Amino acid sequence: MVRSPIALILSLAALPSLAQENVAFRTPPEEIRTLVDAPLPPAVLVDPAGTRLVLLDQPGYKSLAELAEPELRLAGLRVNPKSHNRARLNVTTGISVQEVASGKRAPVEGLPASPRIQWTRFSPKGTFFSFVQCDADGLSLWVVDLAKAKASRVTPPSVSAVLDFPYQWLPDESGLLVHVRPTLDPWTAPAELPAGPVVKVATGRKAPARTFQDLLKSASDEKTFAFYATTEVRRFGLDGTSAVVLPPAIRRSVRPSPDGRWILATTVVPPFSYRFPVQRFAYRVDVLDAAGKLAATLVEKPVQDAIPVAFDATEAGRRAFDWRDDAPATVLFAEAEDGGDPANDVPHRDRLFLLDAPFDGAPRPFAKTRNRFRGATWGEGGVAVLSDFRWKDRNTKTYLARADA
């Protein structure tokens, strides 16, 4: 049966309305809200001298506003483009200082109006406690005088925490080396057509690789990554005065030496890879003086595209550069005895070396580890506690070594 147009219109009009209604989130009863929103116990940190505790207030859950913040996925990183920070990190909402001997506790005065605190750290001698305040317009560095329990802001909201820990204390506590954004202008993606296709170049050698997420996919991604990962390193005094130490570059780490005279910097260099995260990009490790003048280049490496897929595999050649804590300026680094491939049967996986300032001599062998080297803790008199790890059976070993023997 064929229905007339008038009958069809009348039948459609009789259907229930399909318009979208604005429905708000419902709030549970007060008893449930009180239970769910109860704050967590504070995180407790002990200062280097062991005389004070710093207690950090922790909210129970992230807010919807925090979860809705924008996020960029670039080179294996997840970046908040508004603040130049890592995406979705937990925050602290308050700080208190407590004396260990007396138990006396005092809330810190002078905190930001709405504390959203991340990237906390004690100064080397424990005189100060530092943190980064995460505001909508950017990140700023603050310092707490622990004796007075009073906070003050050191930098404008220009700090960057995309790649490295955003700041490092100078050994004498006179100031800090801080990663800052070269410009406060927002990123505007270029509206341009690609000049050519995306070309992947094969090296001709067999190199199995893991599957990584959030990688670069285009020239536009490369430019966006470079914008957010590039920082200028400035030396800030506690009074807020600053001076440029290192010009803009993409730096994975910046570490001052224990005597404050040198800087150990790891810099990412192009071309960028579309197959690996930023930790596998080509890089260079330099030692610079306190004014930023190059003293020595310790290693230069291409994209690390030949590391085996085994869990204990690592890059060949020098790696894991760090300062020896108990010496004025001595670099510690590791080198794989098995070429980085755990399938090779060798008595020791890694060998450690030391290189003293002015970094123009030959590194001297220090120790060997049966498994893959993980880290060193330095004591007095050249004594170090070394640790290693093997993934397949979770085996770890601890060694007592003497550097000056």
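Residues numbered from 1 in each chain as written. Predicted model: local features only at pLDDT ≥ 70, side-chain atom pairs only at ≥ 80, totals over all residues. Heavy atoms only, no water.

What follows is about the pattern of salt bridges. A complete count under the given rule lists 18 salt bridges for this structure. Salt-bridge contacts for Asp214 lead to Arg73; the nearest nitrogen and oxygen are separated by 3.7 Å. Taken together, the positions of Asp214 in the loop between strand S13 (175-180) and helix H4 (219-229) and Arg73 in strand S3 (residues 72-74) put the pair 141 residues apart, joining distant regions of the chain. Overall, the relative accessible area of 43% leaves Arg73 in the partly exposed class. A salt bridge links Arg390 to Asp393; its shortest N-O distance comes to 2.7 Å. By relative accessible area, Asp393 is classed as partly exposed at 42%. One network of salt bridges, in which partners are shared, links Arg319, Asp338, Arg349, Asp350 and Arg372. (Salt bridge = Lys/Arg side-chain N within 4 Å of Asp/Glu carboxyl O. Helix = DSSP H or I, 4+ residues; strand = E, 2+ residues; numbered from the N terminus. Buried < 20%, exposed > 50% of the residue type's maximum accessible area, 1.4 Å probe, protein only.)

Once that is clear, we can look at the packing of aromatic side chains. According to the stated counting rule, one finds 18 aromatic pairs in the structure shown. Ring plane angle 80° and centroid distance 5.8 Å describe the contact between Phe225 and Phe281, whose orientation is recorded as edge-to-face. Placement of the pair is Phe225 in helix H4 and Phe281 in the loop between strand S16 (262-268) and strand S17 (283-289), with a sequence separation of 56 residues. Overall, the relative accessible area of 2% leaves Phe225 in the buried class. Directly above the ring of Phe389 sits Arg374, whose terminal nitrogen or CZ lies 4.8 Å from the centroid. (Phe/Tyr/Trp six-rings, centres within 6.5 Å; stacked < 30°, edge-to-face > 60°. Lys NZ or Arg CZ within 6 Å of the ring centre and 35° of its normal.)

Here the focus is the pairing of strand S4 (residues 77-80). Within a regular strand, side chains alternate between the sheet's two faces. Judged from the three bridges that link them, S3 and S4 form a sheet pairing that is antiparallel. Residue pairing in the sheet places Leu74 in a bridge with Leu77 of S4. Counted between consecutive antiparallel strands, the loop separating S3 from S4 contains two residues, among which Ala75 sits at a positive phi close to 55°. Where S4 and strand S5 (residues 85-86) come together, two bridges link them in antiparallel fashion. Of the residues in S5, the one forming a bridge with Asn80 is Asn85. What sits between S4 and S5 in their antiparallel hairpin is a turn of four residues, with His84 showing a positive phi close to 60°. (Pairing = 2+ DSSP bridges.)

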